[in-house]
Amino acid sequence: MSSPSELIFFVNGKKVVQKNADPEEVLLGFLRRKAGLTGTKYGCGGGGCGACTVMVSRYNHSQEKVVHFTVNACLQPIVTLHGAAVVTVEGVGSTKTKLHPVQERIAKAHGSQCGFCTPGMVMSMYTLLRNKPQPNMEDIREALGGNLCRCTGYRPIIDGFKTFCGSETSGCCQNGGGGGGKCCMENGTNGSKTNSSEESDISQELFPVDDFLPLDPSQDLIFPPELMIMEKKLSRDALYFQGQRVNCVAPSELSHLLELKAEHPSAPLIVGNTSIGPKMLLKGVHHPLVVYAGRIPELRAVTWGKNGLTIGAACSLSTLKEEVEKAVVKMEEERTRGYRVILQTLQCLAGKQIRNMATIGGNLLSANPKYDLSSALAALDCSLHVISADGMRSVPLNEKLFTDFGKTALRPNEVLLSIDIPFSKPWEFVAGYRQAQRREFAFSFVNAGMKVAIREGTNIVESLNIYYGGVGSTLVKPRLTCQQLIGRSWVEDLLTEACRLLKEDVDVSPSIHGGRAEYRKSLAISFFFKFYMQVVLEMTERGVSDTDLPLEYLSALKPFKNEVPQGQQSYQLVSVAQPSSDPVGRPSMHQSAFQQATGEAKYYDDLPPVEGELFIFMVTSTRAHAKIINIDPSEALKMPGVVTFVSAGDVPGANRRLWFNNPEELFIEEEVLCVGQIICAVVAESREQARRAAQKVQVTYQDLQPVFFTIEDAIKHKSYFEPKRKVERGDVDEALKTAEHILEDEIYMGGQEHFYMETQGLIAVPKGENEEMDLFVSTQHAAFTQELVGMALGIDSNKITCHVKRLGGGFGGKVMKIAALSAITAVAAHKTGRAVRCCLERGDDMLITSGRHPFLGKYKVGYNNDGTIVAADVIYYSNGGCTLDESAFIMDKAVLHMDNGYKIPNLRGRGVVCKTYLPSYTAFRGFGGPQGLTVIESVLHEVAVRCGLPPEKVREINMYREEQCYTHYKQPFCPTDMVRCWDECLERANYQDRLQAIQVFNSSNRWKKRGIAAVPQKFGVGFSKGFYNQGAALVNIFKDGSVLVTHGGTEMGQGINTKAIQIASRVLKVPMSSIFIKETCTGNVPNAAPSAASFGTDAVGMAVKDACEKLMRRLQPLMEKNPQNTWKQWVSDAFFQKISLSATGFFMGPPTDVDWEKGEGQAYYYFTFGACCSEVEIDCLTGDHKNIRTDIVMDVGRSINPALDIGQVEGGFVQGVGLYTIEELQFSPDGVLMTRGPSQYKVPALCDVPAQLNVHLLADAENPYAIYLSKGIGEPPVFFGSTIFFAIKAAIAAARKERGLGDTFPLSSPATAEKIRMACQDQFTKMVRGLQAMSNTGSVFLNKVTSEKPCLAVKVHPC
Ligand SMILES: Cc1cc2nc3c(=O)[nH]c(=O)nc-3n(C[C@H](O)[C@H](O)[C@H](O)COP(=O)(O)OP(=O)(O)OC[C@H]3O[C@@H](n4cnc5c(N)ncnc54)[C@H](O)[C@@H]3O)c2cc1C
Ligand code: FES
Ligand code: FES
């Protein structure tokens, strides 16, 4: 290896010269740790979340222009950046100089809640504007497709960004006419009030656009001229980089590359690093030498010839997309059919950032059957040009190229030079298909490319290509099928025969990686069915097909269109009498939105290193139930940089504590109870050293029995936590005897991972005196963290201070587990006497901290023909995992919410928490409420189906109606506002008309079905353990008049600080700009309750109000004496008159409690009400679904801040959409969590938001119990995601009914694509399951809907 080269690149206009660049160092680490640019965030480290998005610019010498593109900094090795200019969020704009309009608009449009995704969003949009200053909506959709946000529900981000679209390019609106919504461009414009007189105090304006900064390109950093000169010089020198473990050579000449390949055949080529990178970074795969092939011009060449496109293997997928897009626009349709298929494939393949980095060569040669291009390109008869020092050869792209998973037939010394993608020929018909867990930005379960050549002027098959990815370990061509159909006519018999052959030919092993064998096989056949119809359609257009394709079949050919979500939001304006200076009730922007949008907002891991700081990495159990025989850290301790190792023996205080009589340990000492429990930890100088060393710790186990993971098995083993719960109203057993019908059934609801964008962590800093310790920690419950750290260290709480600036999302996941992590980290800091930083990687976070409890609801319900439910008996079982955590309280909430909005006169709920050998489940937004509510809504749904009544009628018949009602645990409440929400929701949703339209749609579409569902909601706010219902605050006024508020809540995106400032502003009558909240600190406000239970603002708001009122009482005499004075003068007078300008505030919430012996009590402070209605469309052949429209009416009382409350409603709802549809946790048979990152676990992306999402805050609603008549709102909206679930169920029922199947069938949550597809039973699923599928005539068109219906006569574009 030659001596190391100098690496030169620019970051935000500043030159970076690295003399010893490490090939293992990625840009994200460099920016955050070396350049001090912490605006770029770590969310997953694998390209799956977009939090680390930055813009890279390069000078393209041949095109003589600078190109800008986004990349995921977490996958971009710095050594690949030679000659590039990087712009991070800090380089775009700042609060100190000038905000960039992108930053300003996302902030002002309320598109930043916790703010952790915001810099990534800003960079994606900024890069788009650099390339296209007037984008259209589709551009924005594409640009943001690779950025996840867990808080906002995306709509406000889009609202902010769409202001960059000129009105003619906005793509508008999809909304002006249908369903009563107003034009999208009016949201957030001056649009404001509605016209109707009775709604004159209703506003739709969440932010004004008048004062937006204009887009000013002169603000943008210019591309460094030095780099342009460098590039023009076209240096042909190879670059050499030498790291401690990995070397990299970056040749610039093909011949050199081939020499290197000949010399080091096992050294992988990297270009985009999106396939190799995650393996090296996340899976510990080690390559001592890598060869960067991105500088070789021949590998980047793009040539159009008479046969088609020849594209260099190192061209990015974005380049491929641009090229084929150009061809599709310019050339005749017949020749570009194949290119259309590629385009369609690329549109759903990963996100924009990955497509910018990933190369076509890498995609193919990774030989991963989940990757989409191989099947599509193989079907198109592409060929590869491969080259080595021995010469060049052409290799057909077909199944023979792929020899096994990750392996190809290329020789070790060969390099892929380019790929030929031919034009389509006149009588060739082609298509590509994919189905994934999420429609975009997700690996496919199965992908397929298909091409048939038909003899000109006939319907005879000349050749047939079918390729599948995802049905085996490599690309699969069903050879028999392809051969045997040659010479046959493309008619229904061929379809029947093809399906029969495919069934044999596509052999999906039950042990296939990722499972779902039956589903995959059914997809393979269903895709062919689609292809068959598509070809019939096209042949019909050419007049060579006489196959009758029923019109109702055609919608199967239309893929769902991804749209940018639009919608309408409305709220009641404050009274005209309210002074304009009073911000309460107005849609104020999140207090730190500008800081979040500029990357200036600091999260715990953004704090600069403390002198001598160490890093800790946890060692977790790999067995589900085992005795620990030995822990051997000796190998780890020998590793470079390792300072120490900590385990139970190092805990100076208590390693073990009792939590409601159940033991919880920090470090497991003797017996592990799940995979993922923390056994010990390694402390090292750097995080990489700690990570590597942790892998070397040897733990010897002796496996123990029993081991089980499911609720069913726990029931068999009678493995439960105490206490069990029971609540009963009326006499259920007697009433069941009187009911006209009895239904016994069950519903299962899976768990959910929090997937807050910021993983859990902290910095523990020993102060070196009196055993004091400061913790900078991402917790929702600072007081509990402080307490646990104190217990672990054996130190009084008064010496431990927890500081919480903000959280990058919490959702309940940062209440309990973070306290244990903090205690462990504090032990390490205590032992070493040095600051220790803990920052969980995404996979470990998901493994260790767990999430929402899975629930099984078994019920027996008695009902009458008219849908009245006379009695219901429900047993809730939750999977608590291996320790109690908050499971018992969560079960309480589920049981207490089981009545929802229904007056079921005889109702019994029992709750049992199952103890299993899985990681301990914990609190999650809704805290058992969604599970409790879902079971009862399922009961209502099933009763309606069995009675043959519309579900909304059954809901209405059973709804609480009287002015004064009582819950099943005898808490009085008034349901009027719930009923108002329900009525308004159905009306705004235009429910009845749409129900009819859906029926028409369903009767005229065989393979696509729609469903609609609505639910009401009554959700208890506050803690049912009354002692938690308290809030405290400290308000200090400084001599200059500025005000510092501190309170016990934590800011995690919900806007608690903003609301606290609004409240303080109202009481003190000073502008919000004079009030500041710095952090939450246990030293300022002690013993605070967690920010949870939707009670944060109630508790904190009241406490802030109390403190401010105390101060005002002190200032009042001065104000009265000198009314003409200013605030500053009054404050100054007070100081000189020795009046204290500091006050604490306290709120003693209500004494809620439940007497579980009697099963009654005042469980909640009050109820938040709402109603939601959703419509979906499913693809019966693939299980894909599209969320068409959702309408929510929510009662938040008198909203303190409508923008924040609507943000909570939308964000919570979209999180619920994930819970009920796509978020699926998977465990191996040994209890290992398999879904440990965004690649395997899909939270909603932009494509999952209903195309139309309307949110209305109920007008004229007041809540006398909470601050300024408002209501808590954080948790309730999650449950509204269930409307999507029930709408899907209705759509499946429509499909089943048509096939002569019963419309009662089991469907567990989440309703994934697999479950939807397999529930829509048809001839294909039957075939796969080995059931009799063919009709007597052998036709696969079983159950033709109506043979008398018209068949294909018109030209239909199948997209
Ligand atoms: C978050 C995420 C989401 C994704 N989603 C999808 C998706 O939905 N669908 C999909 O199809 N793919 C998806 N991918 C995969 C992505 O398309 C591939 O990782 C990418 O195309 C690989 O290209 P690369 O340049 O990054 O390869 P690298 O990681 O740089 O290299 C990959 C492999 O290819 C070999 N190689 C590369 N070029 C050559 C060459 N010219 N000659 C010989 N060998 C070569 C390398 O040696 C290496 O083994 C996703 C990836 C990520 C990270
Ligand atoms: S951190 Fe890079 S994409 Fe998630
Ligand atoms: S604001 Fe998007 S993740 Fe929190």
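On a predicted model such as this, the values are computed, not experimentally measured, just so you know. (Residues numbered from 1 in each chain as written. Chains lettered and ligands numbered in written order. Predicted model: local features only at pLDDT ≥ 70, side-chain atom pairs only at ≥ 80, totals over all residues. Heavy atoms only, no water.)

Asker: Honestly, the side chain of Arg729 in this entry has me stumped. Any pointers?
Answerer: Looking at the element boundaries, Arg729 is found in strand E30 (residues 720-729). Buried charge without a salt bridge: Arg729, with Asp899 as the nearest opposite-charge side chain at an N-O distance of 4.7 Å. A polar side-chain atom of Arg729 sits 3.1 Å from the main-chain carbonyl oxygen of Ile904. Here Tyr960 takes part through its side chain, which lies 3.1 Å from a polar atom of the side chain of Arg729. When sequence neighbours within four positions are dropped, the list of residues in contact with Arg729 reads Asp899, Tyr902, Lys903, Ile904, Pro905, Asn906, Leu907, Tyr960, Tyr966, Thr967 and His968. (Helix = DSSP H or I, 4+ residues; strand = E, 2+ residues; numbered from the N terminus. Buried < 20%, exposed > 50% of the residue type's maximum accessible area, 1.4 Å probe, protein only. Lys, Arg positive; Asp, Glu negative; His and termini not counted. Salt bridge = Lys/Arg side-chain N within 4 Å of Asp/Glu carboxyl O. Polar contact = N/O pair within 3.5 Å; in protein donor to acceptor, adjacent residues only side chain to side chain. Contact = heavy atoms within 4.5 Å.)

Asker: It is not clear to me how the pattern of salt bridges should be interpreted in this structure. Could you clarify?
Answerer: Oppositely charged side chains can pair when the atoms bearing their charge come close. Per the counting criterion, the structure on display carries 89 salt bridges. When the shortest N-O distance is used, the salt bridge between Asp1191 and Arg994 registers 3.7 Å. With Asp1191 in strand E50 (residues 1185-1195) and Arg994 in helix H29 (residues 991-1003), the pair connects residues that are 197 residues apart, well separated along the chain. The residues Asp1191 and Arg994 share a single accessibility class, namely buried. Notably, a salt bridge pairs Glu1298 with Lys1009, separated by 2.7 Å at the nearest N-O pair. With Glu1298 in helix H34 (residues 1282-1298) and Lys1009 in strand E41 (residues 1008-1021), the pair connects residues that are 289 residues apart, well separated along the chain. Using a relative accessible area of 0% as the deciding quantity, one classes Lys1009 as buried.

Asker: Help me out: how do you make sense of the site of ligand 1 in this one?
Answerer: If you check the shell around ligand 1, you find 33 residues, and the closest are Val271, Thr274, Ile276, Thr359 and Asp372. In this structure, an oxygen atom belonging to ligand 1 sits 2.9 Å away from a side-chain N or O atom of Asn363. Protein contact buries 94% of the 980 Å² of open area that ligand 1 shows by itself. (Near = heavy atom within 4 Å. Areas by Shrake-Rupley, 256 points an atom, 1.4 Å probe, with all protein chains shown as cover.)

Asker: Any chance you could explain H34 here in plain terms?
Answerer: Residue pairs three or four apart in sequence face the same way in an α-helix, which turns once every 3.6 residues. Here H34 is 17 residues long and its end C-alpha atoms lie 24 Å apart, about the 24 Å a rise of 1.5 Å per residue gives. A large share of H34 lies buried, amounting to 13 of its 17 residues. Where H34 terminates, the next one or two residues include Gly1300, which has phi positive at roughly 80°. (Expected span 1.5 Å × (residues − 1).)

Asker: It is not clear to me how the sheet that holds strand E7 (residues 239-242) should be interpreted in this structure. Could you clarify?
Answerer: Whenever strands of a sheet pair, they do so through backbone hydrogen bonds, lying parallel or antiparallel. What the four strands build is an open sheet, ordered E7-E8-E10-E9; its pairing is mixed. Across the chains shown, the open sheet's two edge strands, defined by having one partner strand only, are E7 and strand E9 (269-270). Across two bridges, the pairing between E9 and strand E10 (residues 289-292) is parallel. Its bridge partner lying in E10, Leu269 is registered against Val291. (Pairing = 2+ DSSP bridges.)

Asker: Is there a simple way to explain unusual backbone geometry in this structure?
Answerer: With the exception of glycine, most residues fall at negative phi, and the peptide bonds are largely trans. Put simply, Glu722 and Pro723 share a cis peptide bond, and its omega is -5°. Structurally, Pro723 is set in strand E30. In this model, Ser1309 is joined to Pro1310 through a cis peptide bond whose omega is 5°. With respect to the secondary-structure elements, Pro1310 resides in the loop between H34 and helix H35 (1313-1319). You will see that Lys1069, though not glycine, has its phi angle at about 60°, which is positive. Positionally, Lys1069 belongs in the loop between helix H30 (1056-1068) and strand E44 (1075-1077). The exposure class of Lys1069 is exposed, given its relative accessible area of 67%. Its identity is not glycine, yet Asn1087 carries a phi of approximately 55°, on the positive side. Tracing the chain through its elements places Asn1087 in the loop between strand E45 (1080-1081) and helix H31 (1096-1121).

Asker: How should I be thinking about the pairing of strand E4 (residues 65-72) in this particular structure?
Answerer: A regular strand places its side chains so that they alternate between the two faces of the sheet. Direction of pairing for strand E3 (residues 53-60) relative to E4: antiparallel, over a ladder of eight bridges. Opposite Met55, over in E4, you have Thr70 as the bridge partner. Between the antiparallel neighbours E3 and E4 lie four residues, among them Glu64 with a positive phi of about 50°.

Asker: Whenever I open this one, the packing of aromatic side chains confuses me. Can you help?
Answerer: To describe a pair of aromatic rings, you give the distance between the ring centres and the angle between the ring planes. Taken as a whole, this structure holds 40 aromatic pairs when the rule is applied. Judged by centre distance (4.6 Å) and plane angle (40°), the rings of Phe1027 and Tyr1028 are tilted. Relative to Tyr1165, the ring of Phe1095 lies with its centre 5.8 Å away and its plane at 70°, an arrangement referred to as edge-to-face. Of the two residues, Phe1095 sits in the loop between E45 and H31 while Tyr1165 sits in the loop between strand E48 (1160-1162) and strand E49 (1166-1179), which places them 70 residues apart along the sequence. Tyr1165 carries the same exposure label as Phe1095, and that label is buried. An aromatic cluster of at least three residues, connected via ring pairs, comprises Phe1023, Phe1027, Tyr1028, Phe1095, Phe1147, Tyr1165, Tyr1166 and Tyr1265. It is Arg806 that lies over the ring of Tyr603; its NZ or CZ is 5.6 Å from the centre. Geometry around Tyr1268 places Arg1066 over its ring, the cationic atom sitting 4.4 Å from the centre. (Phe/Tyr/Trp six-rings, centres within 6.5 Å; stacked < 30°, edge-to-face > 60°. Lys NZ or Arg CZ within 6 Å of the ring centre and 35° of its normal.)

Asker: Is there a simple way to explain the packing of helix H9 (residues 317-330) against helix H10 (residues 337-348) in this structure?
Answerer: Two quantities define a packed helix pair, namely the angle between the helix axes and the distance between the axes. One way to put it is that H9 packs onto H10 with a least axis distance of 9 Å and a crossing angle of 140°. Put simply, H9 runs oblique to H10. Both H9 and H10 take part in a crossing whose hand is left-handed. Here H9 contributes Leu317, Leu320, Lys321, Val324, Glu325, Ala327 and Val328 to the contact with H10, which in turn contributes Tyr339, Arg340, Ile342, Leu343, Leu346 and Gln347. (Axes fitted to C-alpha atoms, helices over the stretch in contact; angles between N-to-C directions. Parallel < 35°, antiparallel > 145°, perpendicular 65-115°, else oblique. Left-handed = near helix turned anticlockwise from the far one by under 90°.)

Asker: Before we go on, may I ask you to explain the sheet that holds strand E31 (residues 741-749) in this structure?
Answerer: Spatially, the five strands line up as an open sheet ordered E30-E38-E37-E36-E31, and their pairing is mixed. Only two strands of the sheet have a single neighbouring strand rather than two, namely E30 and E31. Neighbouring strand axes in the sheet, compared pairwise and without regard to direction, differ in orientation by 10° on average. Looking at chain direction, strand E37 (residues 869-879) and strand E38 (residues 906-914) are connected through nine bridges and run parallel. Within the sheet, the bridge partner assigned to Val874 lies in E38 and is Gly909. Strands in contact with helix H25 (residues 887-896) are E30, strand E36 (855-863), E37 and E38; relative to E38, the strand with the most contacts, it is inclined by about 160°.

Asker: I would appreciate a short explanation of the confidence of the model for the chain in the present structure.
Answerer: Close reading of the predicted structure is inappropriate where its pLDDT is low. Per-residue confidence for the chain gives a mean pLDDT of 93, with 95% of residues at or over 70. In this model residues 169-197 is a low-confidence stretch, pLDDT under 50, and it forms 72 contacts with partners more than four residues away in sequence or in other chains. Here residues 1332-1359 scores under 50 on pLDDT; set against residues more than four positions off or in separate chains, the count is 68 contacts. (pLDDT = per-residue confidence, 0-100.)

Asker: When you look at the nonpolar core in this model, what are you seeing that I'm missing?
Answerer: Nonpolar side chains in soluble globular proteins tend to be buried together. One finds Phe161, Tyr468, Trp490, Phe528, Phe531, Ile616 and Met618 to be the most contacted residues of the largest nonpolar core, which totals 276 residues. By residue number, the principal contributor to this core is helix H16 (residues 517-541), which donates 15 residues. When near neighbours in sequence (up to four residues on either side) are disregarded, Met618 contacts Ile678, Cys680, Ala681, Ala694, Leu821, Ile824, Thr825, Cys838, Leu840 and Ile848. Judged by nonpolar contacts, the second largest core, of 75 residues, contains Val16, Val79, Leu377 and Leu397. (Core = buried A, V, L, I, M, F, W, Y, C linked by side-chain atoms within 4.5 Å.)

Asker: Help me out: how do you make sense of the environment of Ser1140 in this one?
Answerer: Examined against the element boundaries, Ser1140 turns out to sit in the loop between helix H32 (1127-1136) and strand E46 (1142-1148). Ser1140 sits in the partly exposed class, given a relative accessible area of 39%. For the pair Ser1140 and Ile1037, spaced 103 residues apart in sequence, the C-alpha separation works out to 9.0 Å. The residues touching Ser1140, leaving out its near neighbours within four places in the chain, are Leu1111 and Arg1114. Of the polar contacts made by the side chain of Ser1140, one reaches the backbone oxygen of Ser1142; its length is 3.0 Å.

Asker: Please clarify how the side chain of Arg1006 should be interpreted in this entry.
Answerer: The topology assignment puts Arg1006 in the loop between H29 and E41. When its relative accessible area of 0% is taken as the criterion, Arg1006 is described as buried.

Asker: How should I be thinking about the environment of Ile1192 in this particular structure?
Answerer: In this fold, Ile1192 is placed in strand E50. Residue class for Ile1192 comes out buried when judged on its relative accessible area of 0%. Remark: the alpha-carbon pair of Ile1192 and Asp211, spanning 981 residues in sequence, is separated by 30 Å. Sequence-distant contacts of Ile1192, defined by excluding residues within four places in its chain, comprise Ala1171, Cys1172, Val1209, Phe1213, Leu1253, Asn1254, Val1255, His1256 and Phe1280.

Asker: Is there a simple way to explain the pairing of E41 in this structure?
Answerer: With 13 of its 14 residues buried, E41 lies for the most part within the structure. Sheet topology places E41 next to E49; 14 bridges connect them, and they run antiparallel. Bridged to Ile1012 within E49 is Glu1175.

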